[in-house]
Amino acid sequence: MPVAKRARSTPSSPSAASPVTCTRTRRSTPATSTTSMNNNSLRAAVVGAGPSGIYTTVEILNRSPHARVDLYDLLPTPGGLVRYGVAPDHHDRRNLISVYLRKALATGRFRYCGNVEVGKHISVAELDRHYHAAVYAHGASDDRSLGVPGENLLGVHAAAEFVGWYNGHPDYTDMKFDLSGHRTVVIGNGNVALDVARILLQRPHALIRTDISEHALEALTTSKIREVIIVGRRGPHQASYTASELIALRELDAAVHTNLGDPELRPDRHVAEAPTYASVVKAKAMSDLLRASQQSRSDRQLTFQFLTSPVAILGTDRVESVRLVSNTLGIGPDRTVVAHATTESQTLQTDLVFKSVGYRGRRINGLPFDQVRAVIPSRRGRIIDLDTESTVPGHYVTGWIKRGPSGVIGTNKACAKETVASLLHDYEAGLLAAPGTSDIASLRAVRQPDQISLEDWSRIDRHEQRAGQSAGRPRRKLVTVADMVAVARRN
Ligand SMILES: Cc1cc2nc3c(=O)[nH]c(=O)nc-3n(C[C@H](O)[C@H](O)[C@H](O)COP(=O)(O)OP(=O)(O)OC[C@H]3O[C@@H](n4cnc5c(N)ncnc54)[C@H](O)[C@@H]3O)c2cc1C
């Protein structure tokens, strides 16, 4: 489908039909110091400073030697789920944020615009007027619901809330979790469920060496939870977790069980499907984990309850139990392994439940949105209008909001490369209308006086690391936007 021209509404903008050429002369003044801009070199906005937005930024800057990129995030801090999703005991994975942002800064053609929400402080139409192209990389941060009665009872939480809370996300700082019971049920068996279980069962001395938020460290230190049951609707070969996350569980001081025994030892283990390499590796990792924990004398128990689905969460004022139905496996119309409910059921007593059945993207006004998949519809990274099925010129998408919430940090790199290749192709083919000459920085300053630049972020970063060092920790995170802004404004 050819890319249609986008008409610009600003009087200062040149004809949308005039081709845009890529100048070969290097700018003599750094882009960051200008308020009125040369129209020829590519100007791109990237919305969302998670890994996909950061990879996209660096890819544009590397591949287009005169391009300038503004990277927006609604939070003061860059990193997205790398800062607020990745578990604190895996905090070394957060290093990519500063490594890549330093690369971007070194080009002299990059600005970080933190604490600026697109759709609130700056609209999609305003980005259109100030950039040749905008790449939307705003992730998928909303949780999916279970769709069973009782899921809104007190004591039932989205895993996303718990993850945000222990990672110090400003939106979840004030949440309270009742950790006074013995048993917790986690519904869903992806990597996030494993993170939640690991953090709940981790001993305080292991957490204190991480960058977990102070409020979570304090609450988990006195936690009475000793048993976590992870409920998955299909079998160990179809579980959503990855083998590497199972391997990470070997570090946990807990006795591990499954309701099916050792999956490697079951003669019917591949009855429902031909084994794939991934399913065999996963089963082997589970087998090794079970064997390693056989001699465990730990007072902490982790049970993988396969082939079961929740049908109701029960309780009067708050959750008291979860009713589960047993499943058998079959092959669905698309040849995937599906779970079929049987009449066999059981009830697990618990006063804390986490729903970990996936994330959903959130709509930004002015952009197409596929309600069913909760993603922005696209073709090779070009956003598609759902009514006309044609691409929307100058609008691109990458990361979880493009593919849906799956894939590890590195998966977003290839995704960003595909999107940037489409963007640069369109730009070089003259398909992107040139923006007006005014710098959006003045508009941003009016709309969001508490905007955070990369220098501001460096100040926050140094402050957190220094505060951590004095406590023997990698960092102590600031957990409110007000505190971050205050530190950023300190001389
Ligand atoms: C709990 C959890 C743990 C994980 N652990 C690991 C792990 O250990 N290892 C691993 O490899 N992968 C892990 N992943 C997967 C990895 O985090 C994702 O692949 C990756 O973060 C997706 O990147 P993204 O940039 O698309 O989205 P995100 O990381 O969500 O980034 C989106 C960014 O957009 C910003 N934003 C949203 N809306 C707006 C707006 N309107 N205006 C401006 N900015 C906006 C958000 O603030 C956010 O910073 C984990 C995922 C989760 C959920």
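Residues numbered from 1 in each chain as written. Predicted model: local features only at pLDDT ≥ 70, side-chain atom pairs only at ≥ 80, totals over all residues. Heavy atoms only, no water.

Our focus in this paragraph is the nonpolar core. Counting residues in each nonpolar core, the largest one holds 42 residues, and the members touching the most others are Phe162, Tyr166, Leu200, Val228, Leu246, Leu302 and Phe304. If you list the elements that add at least two residues to this core, you get helix H5 (159–166), helix H6 (191–201), helix H8 (214–221), strand E8 (227–231), helix H9 (243–248), helix H10 (277–293) and strand E10 (301–305). Examining the composition of this core, we find that 7 residues originate from one element, H6, more than from any other. Leaving out residues up to four positions away in the same chain, Leu246 has contacts with Leu194, Tyr241, Lys282, Ala285, Met286, Leu289 and Phe304. Leu61, Val82, Phe110 and Val487 belong to the second-largest nonpolar core, a separate cluster that totals 40 residues. (Core = buried A, V, L, I, M, F, W, Y, C linked by side-chain atoms within 4.5 Å. Buried < 20%, exposed > 50% of the residue type's maximum accessible area, 1.4 Å probe, protein only. Helix = DSSP H or I, 4+ residues; strand = E, 2+ residues; numbered from the N terminus. Contact = heavy atoms within 4.5 Å.)

Near the ligand, the surroundings consist of 31 residues, among which Ser52, Asp73, Leu81, Arg93 and Ile409 are the closest. The side chain of Asp73 places a nitrogen or oxygen atom 2.6 Å from an oxygen atom of the ligand. Take Gly80: an N or O atom from its main chain is 3.5 Å from an oxygen atom of the ligand. Expressed as a share of its isolated accessible area of 1,000 Å², the protein-covered part of the ligand is 91%. Secondary-structure elements contributing two or more residues to the shell around the ligand are helix H1 (51–63) and H6. Of the residues that constitute the shell around the ligand, the class distribution is 17 nonpolar, 10 polar and 4 charged. (Near = heavy atom within 4 Å. Polar contact = N/O pair within 3.5 Å; in protein donor to acceptor, adjacent residues only side chain to side chain. Areas by Shrake-Rupley, 256 points an atom, 1.4 Å probe, with all protein chains shown as cover. Nonpolar A, V, L, I, M, F, W, Y, C, P; charged D, E, K, R; others polar.)

Here the focus is the confidence of the model for the protein. Considering every residue of the protein, the mean pLDDT works out to 89; 89% of them sit at 70 or more. Of the regions scoring below 50 in pLDDT, residues 1–37 engages in 80 contacts with residues more than four places distant in sequence or in other chains. (pLDDT = per-residue confidence, 0-100.)

Attention now moves to the packing of helix H14 (residues 454–469) against helix H15 (residues 481–489). For the pair H14 and H15, interaxial distance at closest approach is 8 Å and the crossing angle is 105 degrees. With respect to each other, H14 and H15 are oriented roughly perpendicular. Along its contact with H14, which presents Asp456, Arg459, Ile460 and His463, the element H15 presents Met484, Val487, Ala488 and Arg489. Looking at the contact of H14 with H15 residue by residue, the classes come out as 4 nonpolar, 1 polar and 3 charged. (Axes fitted to C-alpha atoms, helices over the stretch in contact; angles between N-to-C directions. Parallel < 35°, antiparallel > 145°, perpendicular 65-115°, else oblique.)

A few words on the packing of aromatic side chains. Evaluation of the coordinates by the stated rule reveals 11 aromatic pairs. Seen in terms of ring centroids, Phe162 and Phe354 are 4.6 Å apart; in terms of plane orientation they differ by 35 degrees. Their pairing is tilted. Taken together, the residues span a long stretch of sequence, with Phe162 in helix H5 and Phe354 in strand E14 (residues 353–355) at a distance of 192 residues. For the pair Phe162 and Phe354, one class covers both residues: buried. An aromatic cluster is present here, built from Phe162, Trp165, Tyr166, Phe177 and Phe354 joined pairwise through their rings. Across from the ring centre of Tyr100, 4.5 Å away, lies the NZ or CZ of Lys103, which sits over that ring. (Phe/Tyr/Trp six-rings, centres within 6.5 Å; stacked < 30°, edge-to-face > 60°. Lys NZ or Arg CZ within 6 Å of the ring centre and 35° of its normal.)

Look at Ala374: it is not a glycine, yet its phi comes out positive at around 55 degrees. Relative to the assigned elements, Ala374 resides in the loop between strand E15 (359–360) and strand E16 (378–379). Residue classification places Ala374 among the buried positions, given a relative accessible area of 2%. The residue Glu389 is not glycine, and still its phi comes out positive at about 60 degrees. Its location among the elements puts Glu389 in the loop between strand E17 (382–384) and strand E18 (391–397).

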